[in-house]
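# A look at the structure
Below are the chains, spelled out letter by letter.
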Amino acid sequence: MGQGYQYSPLDPKNRQIRLVTLESGAWSDEICCNIDVVSFDGHPIYEALSYVWGDQKGRKDIRLSDHLFDVTENLWMVLRRLRDPVDSRVLWIDAICINQKDNNEKSYQVAMMGEIYSSCRKAIIWLGEDLDTTEAGSKSIVASRACDMLEMLGADRHLDQLPCFSTGDGQRTEISEEYTIHFEAFREFVSVPWWKRIWVIQEMVLPKSLKFLYSSEEFSYEALKSVVQGLRIHGTTCCKQYRYALRALAFDPILTFQEQVEPMVFTRETWTDQTPTTLFYLRRQFSASQASQKRDLFYALLGLVTSWGPNTPLYPDYRISQKEAITQAVFKCISEQGGLEFLQGERIFRGKEDMPSWIPDAHFTTVPSQWVIVEQRRLRIASGFSASASLRQDASELTLAANGTLLCQTLKVGNIVDVGPVCEALEHFEEAPDIFREWMQMIGIGMGDWPEQPPPGGSQADIFWKTMLNDSVELDTSENPFYRRTNEDDYTQLRNLWLMLLSPLGGFLASKLSLSLKSHDDLMSQAPSTIYHILVCLWHRRLFRTEKGWIGLAPENSCPGDEVHVLLGSPAPFILRRLDESFKADGQTEAIPAYNIIGNAYLHEIMFGEAFKNDGEKSIQTIALS
Ligand SMILES: [Zn+2]
């Protein structure tokens, strides 16, 4: 065998790509491939492989056009599964067909990937090998059980009628004993890394035809779609309460499946519609996906973008720095929208990353999946607000300045003078009543054991309980609007929860409350959707008060001295921290105030554009966000 394989450069003018022919062979034979350069415009026939590269350690050699070539073990394993004893097959495989060491080639091949997946005869989606299948090419029991689960969940039945669930003591939902092993298999199935990788979105949406391969087993896209549709229809209507109870009981494989797969199926089903697809929309839709190169969180979606609004398209560029690439991509998204809703999100997972504060974590780093779900809920709640009325950013003011500074228009609405403790209700559920009481003390309301009648409208107590719910309640619907504003019944609901929380230890005498598993179950069975909504509103939030006595909920890092601003075009206000040094743009004489973004917030008095009434618009100013 010769030396390692050497690529010869492709000709971008002729839109060249490389294709791999996988030669026939027996299970244990060495894997042999040939590589050919073809013009994409000659309509070559091939299957495209979708897989994750996987661990870089333990790479394996294959033979590529009579030279040695090393691939990751995961790729090596799928090549072994795909190889036919008699026939060869022609494939497009990114790790082999793109010279990964050539950033120029990579930039324009990545720009062609949308077309490469749209034009393939079929995409083969490789979810991974079951490493317990020891015998050569044998059947995987885990994979076959996971496929059984898919079939059962796709049968369009009420969730409580699925044989995998049973109702135990005290109406608790449990996994039926005979299905425990299937659940385990399904858990493994949903946790294969393929579902998480951002590249797989276009690889699943664009091809005319798809085939899924999970170890020894095969299933169709239609099987997957039936499960998604069944869970969606039942989970948002007839079986909604059941679904919340499942979530609370951490039957997470089904829920994880839904969170991960539903947006993919939805995008595949709707992508060919006439509705234009923007990068902004796609990035939001797939905020839970991951990439090893951060810029790929945007670049991997470019093949699906059909509208750039007033912008020129974004092109992949692997030659610039990570920070530059991300900053440009986020700026494309906000200038396309003329709004700054894209800047909403947490800023607590960035570590020491050199990234401007105006870019939320989710656009460049891995956010824990629990947080992704909470953020998606918060964005959905925020989509019902209109803090900046109908005002958008003026295109001439919205600027990406030197070193990643963003110039934008804002209206300052207040200064934070006081903050309460942080609510960590998911980690420390038992502390919630104490936090509530401290918050009430901070703003000077004594609600006792919460009066039976709702407090008078507009009173501090009235604003307090509405703030706890972000003045919104989820509707039983899968379409916008997802929320309505609160009413008296919601007060009663909240009061009942409060009384229930306190009951185990006899109310206010207890300084600390310990919540038994039983009372936790009681709570969850009585009002799971309300509890879930409150957790979303309050998690890692703290109550704050402005100099005008207005109250709201802010990110945990907020502190007195921070300012509340409405950035034009954002439905929710932001907490900003003034920097000592002002910003002076090149060629400008006047310096403008500079800030860091702490995060978005809820401030009860201004969520529906109130700040812009009575000449508020006159106070709009341009600021610099670092
Ligand atoms: Zn149902």
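Residues numbered from 1 in each chain as written. Predicted model: local features only at pLDDT ≥ 70, side-chain atom pairs only at ≥ 80, totals over all residues.

### Concerning the sheet that holds strand S11 (residues 217-220)
Keep this limit in mind: We treat two strands as partners when DSSP finds at least two bridges between them. Numbering of helices and strands runs from the N terminus, with a helix taken as a DSSP run of H or I at least four residues long and a strand as a DSSP run of E at least two residues long. Axis lines are fitted through C-alpha atoms, for helices just across the contact stretch, and the angle between N-to-C directions can take any value from 0 to 180 degrees.
Read across the open sheet, the nine strands follow the order S5-S4-S2-S1-S6-S3-S7-S10-S11; overall the sheet is mixed. Of all the strands in the sheet, just strand S5 (67-71) and S11 have a single pairing partner and so form its edges. On average, each strand axis in the sheet is inclined to that of its neighbour by 35°, with strand direction left out of account. Pairing geometry for strand S10 (residues 210-214) and S11, over four bridges, is antiparallel. Bridge assignment links Lys-211 to a residue of S11, and that residue is Ser-220.

### Brief notes about the packing of helix H5 (residues 180-190) against helix H9 (residues 252-270)
Here is the rule: Our angle categories are set so that under 35 degrees counts as roughly parallel, over 145 as roughly antiparallel, 65 to 115 as roughly perpendicular, and the remainder as oblique. Crossing handedness follows the turn of the near helix against the far one: under a right angle anticlockwise gives a left-handed crossing, and clockwise gives a right-handed one. In this description, a residue-residue contact is defined by the distance between C-beta atoms placed from the backbone, which must lie within 7 Å. Polarity classes work like this: nonpolar for Ala, Val, Leu, Ile, Met, Phe, Trp, Tyr, Cys and Pro, charged for Asp, Glu, Lys and Arg, and polar for all others, with Gly in that last group.
Where H5 contacts H9, the axes come no closer than 9 Å and their chain directions differ by 30°. Put simply, H5 runs roughly parallel to H9. Our pair here, H5 against H9, has a crossing hand that is left-handed. Residues Phe-183, Phe-186, Arg-187 and Val-190 of H5 pack against Pro-253, Thr-256, Phe-257 and Gln-260 of H9. Tallied by class, the residues present in the contact of H5 with H9 amount to five nonpolar, two polar and one charged.

### Some thoughts on the environment of Val-142
By secondary structure assignment, the location of Val-142 is in helix H4 (residues 141-153). Residue contacts for Val-142: discarding those within four places in its chain leaves Asp-130, Asp-132, Ala-185 and Glu-188.

### Here's the deal with the nonpolar core
The line we're drawing: Working definition: the nonpolar core is a set of buried Ala, Val, Leu, Ile, Met, Phe, Trp, Tyr and Cys residues, joined through C-beta atoms within 7 Å. As a rule, residues whose C-beta atom has 12 or fewer other C-beta atoms within 10 Å are exposed, those with 20 or more are buried, and those in between are partly exposed; C-beta atoms are placed from the backbone.
The biggest cluster of nonpolar side chains holds 150 residues, and the ones touching the most others in it are Leu-49, Trp-92, Ile-125, Ala-146, Ile-201, Leu-301 and Ala-601. Residues in contact with Leu-49, not counting those within four places in the same chain, are Val-78, Leu-91, Trp-92, Ile-93, Ile-124 and Trp-126.

### So, the packing of H4 against H5
Relative to each other, H4 and H5 sit at 95°, their axes nearing to 8 Å. Classified by the interaxial angle, the pair formed by H4 and H5 is roughly perpendicular. Contacts between H4 and H5 pair Val-142, Arg-145, Ala-146, Asp-148 and Met-149 from the former with Ile-181, His-182, Ala-185, Phe-186, Glu-188 and Phe-189 from the latter. Residues that form the contact of H4 with H5 fall into these classes: seven nonpolar, one polar and three charged.

### Structural notes on the pairing of strand S19 (residues 574-578)
Consecutive side chains along a regular strand alternate between the two faces of the sheet. Sheet analysis places strand S18 (residues 563-567) next to S19, joined by three bridges and oriented antiparallel. Paired with Val-564 across the two strands is Ile-575, which belongs to S19. Between S18 and S19, which pair antiparallel one after the other, the connecting turn spans six residues, and Gly-569 there sits at a positive phi close to 85°. Inspection of the sheet shows S19 paired to strand S20 (residues 594-600) by five bridges, in the antiparallel sense. Across the sheet, Phe-574 pairs through a bridge with Asn-600, a residue of S20.

### Digging into unusual backbone geometry
In this structure, Arg-15 is a non-glycine residue whose phi angle is positive, near 50°. Relative to the helices and strands, Arg-15 is located in the segment before strand S1 (16-22). Despite not being glycine, Asp-471 has its phi angle at roughly 45°, a positive value. Topologically, Asp-471 is positioned in the loop between helix H15 (460-468) and strand S14 (473-474).

### Observations regarding the pairing of S20
For S20, a buried count of five out of seven residues is recorded, marking the element as mostly surrounded by other parts of the structure. With two bridges joining them, S20 and strand S22 (residues 621-625) adopt parallel strand pairing. Counted as the bridge partner of Tyr-595 is Leu-625 from S22.

### A look at the environment of Gly-230
Looking at the element boundaries, Gly-230 is found in helix H7 (residues 221-236). Residue Gly-230 is classed as buried on the basis of its 20 C-beta neighbours within 10 Å. Taking the C-alpha atoms as reference, Gly-230 lies 8.7 Å from His-158; in sequence the two are 72 residues apart. Apart from the residues lying within four places of it in its own chain, the contact partners of Gly-230 are Leu-153, Gly-154 and Asp-156.

### So, the environment of Val-330
Here Val-330 is to be found in helix H12 (residues 322-337). For Val-330 and Phe-342, which are twelve residues apart along the polypeptide, the C-alpha to C-alpha distance reads 8.0 Å. When residues no more than four places from it in sequence are discounted, the contact partners of Val-330 are Phe-342, Ile-359 and His-363.

### Some thoughts on the domain arrangement of the protein chain
For the record, the criterion: Residue ranges for the domains originate in an automatic or database domain assignment.
For the protein chain, the domain assignment lists domain 1 (12-120), domain 2 (141-192 + 221-270), domain 3 (279-413 + 549-625) and domain 4 (425-538). Relative placement of domain 3 and domain 4: their C-alpha centres are 30 Å apart. Residue-level contacts link twelve residues of domain 3 with 14 residues of domain 4. Secondary structure elements with two or more residues in the side of domain 3 that touches domain 4: helix H13 (369-382) and strand S17 (551-555). It is H13 that contributes the most residues to the side of domain 3 that touches domain 4, five residues altogether. When grouped by side-chain class, the residues that make up the side of domain 3 that touches domain 4 number six nonpolar, three polar and three charged.

### Quick look at the confidence of the model for the protein chain
Put simply, the rule reads: Scored from 0 to 100, pLDDT records how confident the predictor is in each individual residue.
When pLDDT is averaged across the protein chain, the result is 88; 93% of the residues are at 70 or more. Across residues 505-518, confidence stays below pLDDT 50; counting only partners more than four residues off in sequence or on other chains, it has 15 contacts.

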